[in-house]
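Notes for the structure review
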Amino acid sequence: MDKRLRELAEVRYGQKEFLSALFDLALEEQWFDLQHLIQHDMAKAVLADYSMEQGKGFLNQDIFYNNWEDVIAIGWSTFCKHTGITMDQVNLSLQKLSEKI
């Protein structure tokens, strides 16, 4: 992953207000919304901004497909560090969610 993209992802996912919202969702067991914010909304925003910075237009396909998993990993890692919830606990909660759907 490009150094600038990593920095952008870390800053965005590390925003105090964003982390506070994620923490509230976790407390309320709102895993669908939490997952959507981390894996869709913020990841897409980070990748779109990075794509624009690189002069590739809004959400360049190559940038998106080559980096989305790494960006999402930063999101979950930041969430786990902030909340103290382990990635194993996150995966278990997401697995339970997918079984409900």
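We now turn to the structure provided with this report. Here the structure is a predicted model, which means the values were calculated and not measured.

1. Regarding the packing of helix 4 (residues 61-83) against helix 5 (residues 87-100)
Following both chains from N to C, one finds helix 4 and helix 5 inclined at 115 degrees, their axes separated by 10 Å at the closest point. Regarding the angle of helix 4 to helix 5, the classification is roughly perpendicular. Considering how the two elements wind past one another, helix 4 and helix 5 form a crossing that is right-handed. Along the contact surface, helix 4 presents W76, F79 and C80, while helix 5 presents M87, V90 and L94.

2. Points about the pattern of salt bridges
Any two side chains of opposite charge can pair, on the condition that their charged atoms come close. Using the criterion set out here, one finds 4 salt bridges in the structure. Note that R4 is salt-bridged to E53, the shortest N-O span being 2.7 Å. A residue pair is termed long-range when its members are at least 10 positions apart, and R4 in helix 1 (residues 3-13) and E53 in helix 3 (residues 31-53) qualify at 49 residues. For E53, a relative accessible area of 43% gives the class partly exposed. The shortest N-O distance in the salt bridge between R12 and D49 comes to 2.0 Å. Pair noted here: R12 is in helix 1 and D49 is in helix 3, with a separation of 37 residues, a long-range link. The class of R12 is partly exposed, set by a relative accessible area of 21%. Salt bridges here are not isolated pairs; linked through shared partners, they connect R4, E7 and E53.

Calculation notes
Residues numbered from 1 in each chain as written. Predicted model: local features only at pLDDT ≥ 70, side-chain atom pairs only at ≥ 80, totals over all residues. Heavy atoms only, no water. Axes fitted to C-alpha atoms, helices over the stretch in contact; angles between N-to-C directions. Helix = DSSP H or I, 4+ residues; strand = E, 2+ residues; numbered from the N terminus. Parallel < 35°, antiparallel > 145°, perpendicular 65-115°, else oblique. Left-handed = near helix turned anticlockwise from the far one by under 90°. Contact = heavy atoms within 4.5 Å. Salt bridge = Lys/Arg side-chain N within 4 Å of Asp/Glu carboxyl O. Buried < 20%, exposed > 50% of the residue type's maximum accessible area, 1.4 Å probe, protein only.

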